[in-house]
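Breakdown of the fold
What follows is each chain in one-letter form.
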Amino acid sequence: MLCSYNGAAHIKETIESILNQTYQNFELIIVDDASKDETPELIREFQDDRIKFIPQTTILQLLSTLNIHACQ
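Note that this is a predicted model, so its numbers are computed, not measured.

1. Comments concerning the environment of Tyr-23
- Among the secondary structure elements, Tyr-23 is positioned in the loop between α1 (11–19) and β2 (28–32).
- There is a polar contact of 3.2 Å between the side chain of Tyr-23 and the backbone oxygen of Asn-25.

2. Describing the pattern of salt bridges
- The full count for this structure, using the stated rule, is two salt bridges.
- Lys-12 is paired through a salt bridge with Glu-45; the nearest N and O atoms lie 3.4 Å apart. Here the residue Lys-12 occupies a position in helix α1, and Glu-45 occupies one in the loop between α2 (39–44) and β3 (51–55), the gap between them amounting to 33 residues.
- The closest approach of N and O atoms between Asp-48 and Arg-50, which form a salt bridge, is 2.7 Å.
- The exposure class assigned to Arg-50 is buried, which follows from its relative accessible area of 17%.

3. A word on α1
- Every buried residue of α1 is accounted for by Ile-11, Ile-15 and Leu-19. Buried residues of α1 fall within an arc of 65 degrees about the axis and therefore sit on the same side.

Cut-offs applied
Residues numbered from 1 in each chain as written. Predicted model: local features only at pLDDT ≥ 70, side-chain atom pairs only at ≥ 80, totals over all residues. Heavy atoms only, no water. Helix = DSSP H or I, 4+ residues; strand = E, 2+ residues; numbered from the N terminus. Polar contact = N/O pair within 3.5 Å; in protein donor to acceptor, adjacent residues only side chain to side chain. Salt bridge = Lys/Arg side-chain N within 4 Å of Asp/Glu carboxyl O. Buried < 20%, exposed > 50% of the residue type's maximum accessible area, 1.4 Å probe, protein only. Arc of directions from axis to C-beta.

Printed below as a string of structure tokens:
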């Protein structure tokens, strides 16, 4: 799971690094904590079935975000 908040400066590089790993049998769950920059748009640019994007509409902060989505 990858959590992000206003991470536009590094989100593309981070996702590309994960997708380019040798091990390919994984699901990347990205939870965006209501970013106010272009982070959600940058995440949506990736067309990879291994990515599951969960955008939040309100800021929950890291621990709450992890707790909510760990149960899904």
